[in-house]
Amino acid sequence: MEIKYFESYEKMSEQAAEIVANEIKAKPTKNFVLGLPTGSTPLGMYANLIEKNKSGLLDFSKVTTFNLDEYYPIKHDNSQSYYKFMFDNLFGSININHENINIPDGEAVDAGSECESYEEKIKKSGGIDLMVIGIGPNGHIGFNEPDNFLLPDTHIAVLTEETKEANKRFFDSVEQVPDKALTMGMGSILKAKKILMLVSGKSKTEIFKKFLQGEISTSNPSSFLHLHNDVTVLSDVGI
Ligand code: GLP
C-alpha cells in the first residue's frame, strides 16, 4: 500500500486527477473501467479531470464508469441524488458517452434485482480497472457501514445514524436523508485491479489513524483495503 501525504486539499486533488488520467491514458485503445465515488472529497479531483478533458489532455470517450452507490429510493432529479451530483460535477462537463455511465438506480422498482444486474454489469464490463473511493468518518466505504458482517456484492444497505448525521449537511434536515442506499459491496470494490482512496478533512483524523494501524475488522470497513495488493492512499490529514 502506498500512502502519500499532501499539505493541501488542492495538491491532493491534482495528484488524484493525475493518477486517474495516467491510468486512462495507459489503456487508450480498450475500454477503461473507472469506479467513482461521491461526497465532498472527490470534488477537487473532478474539477481537475474536467480541466484536463477541456484542454484536450484527457479523453473520456472510451471510459466506462461505475458509481459506488446511490441513496434509495431517490429520484434522479432530486437535488441530493448521486445521479444529479455526478452529472453536475463531472459527467455533464466531459466527453463521456452517456451510455457508458452506470449508477445504481435510485428509481428502481425492484431494488434487489437492480443490485443483481449492477453486479452483473460490472462483471460483463471486464471488471473495474481503477476504483476511486472516499471514506466516511465511521470508516464506511460507499455505504458499507460498520457492522458485525459485511456483504460482498452490490446490495441494499441501511444507513447508520452516524452516516445520516454526517450527510445531513447536504439536506434540509436529518429526517430527509434516505434510510437506505444501493451500494457496491466490499467484494465488488476489492475485485478492482487498482484502488485509489482519498482521505480529506479533520473529521477523518480518528478513522484514518485507525486505518493506519492495519487491523482488519468489520467495525471499520475501510480496513479491508489492507487485503488488496494495489492500493494508493492520498491524504491531506496530518497524523
Ligand atoms: C458518503 C458516500 C461515501 C463517501 C462518504 C464521505 O456517505 N456514500 O462514498 O466516501 O460520504 O464523504 P465526504 O467526502 O463528503 O466526507
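The model shown is predicted, which means the values in this text are computed figures rather than measured ones. (Residues numbered from 1 in each chain as written. Predicted model: local features only at pLDDT ≥ 70, side-chain atom pairs only at ≥ 80, totals over all residues. Heavy atoms only, no water.)

Student: Honestly, unusual backbone geometry in this entry has me stumped. Any pointers?
Tutor: Peptide bonds are mostly trans, and most non-glycine residues show a negative phi. With omega at -10°, the peptide bond leading from Y72 into P73 counts as cis. Assignment of secondary structure puts P73 in the loop between β4 (69–72) and α3 (82–89). (Helix = DSSP H or I, 4+ residues; strand = E, 2+ residues; numbered from the N terminus.)

Student: Sorry, what's going on with the pairing of strand β2 (residues 32–36) here?
Tutor: Two faces belong to every sheet, and in a regular strand the side chains alternate between them. Burial runs high along β2: 5 of the 5 residues are buried. Along β2, one buried face is formed by F32, L34 and L36 and the opposite face, lined by V33 and G35, is buried too. With 5 bridges joining them, β2 and strand β3 (residues 63–67) adopt parallel strand pairing. Bridge pairing links L36 to N67 in β3. Note that β2 and strand β6 (residues 130–133) share 2 bridges and pair parallel. Following the sheet pairing, L34 is matched in β6 by L130. (Buried < 20%, exposed > 50% of the residue type's maximum accessible area, 1.4 Å probe, protein only. Pairing = 2+ DSSP bridges.)

Student: Explain helix α7 (residues 205–213) here, please?
Tutor: Each α-helix turn comprises 3.6 residues. Residues three or four places apart therefore point the same way. Residues of α7 that are buried: T205, I207, F208 and F211. Projected down its long axis, α7 shows its buried positions confined to an angular sector of 165°, all on one face. Counted as exposed and oriented over 90 degrees from the buried face of α7: E206 and Q213. Considering only its buried residues, α7 is in contact with β1 (2–5), β9 (194–199) and β10 (231–235). Following α7 by one or two positions, G214 has its phi on the positive side, about 85°. (Arc of directions from axis to C-beta. Contact = heavy atoms within 4.5 Å.)

Student: Teacher, can you tell me more about the side chain of E114 here?
Tutor: Along the chain, E114 falls in helix α4 (residues 111–124). Despite its burial, E114 pairs with no opposite charge, the nearest such side chain being K121 at 5.2 Å. Every residue in contact with E114, bar those within four places of it in the chain, is listed here: I103, P104, D105, A108 and L182. (Lys, Arg positive; Asp, Glu negative; His and termini not counted. Salt bridge = Lys/Arg side-chain N within 4 Å of Asp/Glu carboxyl O.)

Student: How do you make sense of the pattern of salt bridges when you look at a structure like this?
Tutor: Scanning the entire structure with this criterion turns up 11 salt bridges. Linking D88 and K84 is a salt bridge whose minimum nitrogen-to-oxygen distance equals 2.8 Å. Residue D88 and its partner K84 are both found in helix α3; the two are separated by 4 residues, about one turn of the helix. Relative accessible area serves as the criterion here: at 28%, K84 is assigned to the partly exposed category. In this structure, K194 and D230 form a salt bridge, with 3.3 Å as the shortest nitrogen-oxygen distance. Pair noted here: K194 is in strand β9 and D230 is in the loop between α7 and β10, with a separation of 36 residues, a long-range link. What emerges from the salt-bridge pattern is a single network uniting E23, K194 and D230.

Everything listed here is a matter of coordinates, which is why it stays silent on function.
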